[in-house]
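A look at the structure
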Amino acid sequence: MRARGLADARDERPVLLAIGLLGAAWGLAVAAGGLTSFFLCASLIACGCILVDFRIGVVLLILLMPMSGSSTLFPHEMFGVVGLNPLNLLLAGTLISCMLHALADHSLPRLLPGPVLWLYIVPILIAGAIGTRHIHEIAPRLVTRYHGLDFPDAVSYLRDMVLKPMLMVVFALLVGAAVAKSARPERFLLPTLVSIFVIAALVPVYVAHSGIALGELAKEDSREFLSPLGLHANDLGRLYAVAYALALFTWSETASRGLRLALLLALAMTAVALILTFSRGAFVALAVVNGLYVLWRFSAKTMLVVGCAVVAASLFASGAIHERLAWGQGAGLDAVSSGRLNGLWLPLLPEVLRHPVFGNGIGSILWSDAMRSGAGHMVLVVTHPHNAYLQAALDMGITGLVLLCAYFAHVWRGLRTLAKDPGVAPALRGFYQGAAAGLASMLVANFTDSSLTPRPEQAFLWLAIGVMYGYQARRTPATALAHPASEAAPA
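Model, not experiment: these values are computed from the prediction.

A general trend in soluble globular proteins is that nonpolar side chains are found buried together. Residues Phe 171, Val 203, Tyr 407, Tyr 432 and Phe 460 are the most contacted members of the largest nonpolar core, which totals 134 residues. In contact with Tyr 432, not counting residues within four places along its chain, are Leu 415, Leu 418, Ala 419, Val 424, Val 467, Met 468 and Tyr 471.

Time to look at the pattern of salt bridges. The final tally for this structure, using the stated rule, is 13 salt bridges. Among the salt bridges present, the one from Arg 238 reaches Asp 449, with a minimum N-O distance of 3.7 Å. Taken together, the residues span a long stretch of sequence, with Arg 238 in helix 10 (residues 233–253) and Asp 449 in the loop between helix 19 (426–445) and helix 20 (459–474) at a distance of 211 residues. There is no split in this pair, since Arg 238 and Asp 449 are both buried.

Moving on: the packing of aromatic side chains. Overall, the coordinates contain 14 aromatic pairs when judged by the stated rule. Measuring from centroid to centroid gives 5.5 Å for Tyr 407 and Phe 408, while their planes differ by 65 degrees, and the two rings are edge-to-face. Each member of the pair, Tyr 407 as well as Phe 408, carries the same accessibility label: buried. Following the ring pairs from residue to residue traces out a cluster consisting of Tyr 120, Tyr 407, Phe 408 and Trp 462. The ring of Trp 296 carries Arg 416 above its face, with NZ or CZ at 4.0 Å from the centroid. Its end group placed over the ring of Tyr 471, Arg 474 keeps NZ or CZ at 5.7 Å from the ring centre.

Reading the values: rules and limits
Residues numbered from 1 in each chain as written. Predicted model: local features only at pLDDT ≥ 70, side-chain atom pairs only at ≥ 80, totals over all residues. Heavy atoms only, no water. Core = buried A, V, L, I, M, F, W, Y, C linked by side-chain atoms within 4.5 Å. Buried < 20%, exposed > 50% of the residue type's maximum accessible area, 1.4 Å probe, protein only. Contact = heavy atoms within 4.5 Å. Salt bridge = Lys/Arg side-chain N within 4 Å of Asp/Glu carboxyl O. Helix = DSSP H or I, 4+ residues; strand = E, 2+ residues; numbered from the N terminus. Phe/Tyr/Trp six-rings, centres within 6.5 Å; stacked < 30°, edge-to-face > 60°. Lys NZ or Arg CZ within 6 Å of the ring centre and 35° of its normal.

Here's what the structure looks like:
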């Protein structure tokens, strides 16, 4: 026995030595490079764990992706290398591990669903290729005002305008692969809930710490107040609208008391955070979600819940909310749209007619004739047309606009089908129904901002799309994996 104990101790020495050396190296790295080295070491350790099971990386991505746009939580580059940041390292490690596992069980060809490729990715890539011909035609006024628009070559343009946004789609596909290989996909709701909690706490904490009055926060000239968090107030509002929809419908279907309480708290926090953005587009998105909830779940209980929510919202900052909603009323449609009608939409419409079929490339507003000749007096000096459908028509033409709309119609049908399927776990049915409501709210809010191409505020929507594809793959015989789903999911 003593000999066996000595042998075991000798076997443990290399492991203990490796742990000690790793700790020492980490300590030296942090001492030499500060917080940046800490993030780098943490990312590399996470990647090592992910190689064993890529679903660990997917769980971490679910926790971190909605916060990826926050400039206060994560560095956007490390050691001066553009693109080298913890999230990208985690995403790359998870993707490599997923592909290695897919090669082992011969499921690699099925990682990318056809509708995503042909209706969504291909039109964006074609528009990106068209845009590379115009990177030296960007309006000088925009280059002076906005840093990072002076692209030195086509590679930097494609990296920033096409490939970086496309990482959101990669995230969704990784989520789908993880769900397809998990015996209980509903367990991925837990990291989703944690992510909603964390992201919903950002705005209330930031506003409380700043001490700003709600009346001041609601003013038109305070729209940039939340930008230090990494996203504009309007973008945060849309992010919260989808998170609210997921929490609301999942809460209504969940049987577990503990989970229902947690979802109710997340629901309240998300609603408060959305209201504090004072984004009128987010208010419209919130109304769409609540309207669909009443429509799809019409009952006395539903009306009671909605009534309580309306009363609570009216009591919370009622004067500031009314002031924000009443902005521009009586002064015409252009004032109501904050100058978008005459300052963007009407001047940019002729651009669509100049390139009606395939558009003029991703970000074409940057080199549009209206911007090059009239920036500052005929058209607002901005980098986005503040209408997702107009942007798609400008960048990808009518062809691209139709294809992107067809893709989201495909997503809507998939989510609604799973939401009505009795074979799906109740909590997941609510999740899919909430995702459909969130998608509808996003498509309505997109008339005044955002984009049909991937953006950070769409993180929860793409998460839901990934879960949808994963569940569909589990139930399709043609996509059966060589090895059965694991009995335990890392979530």
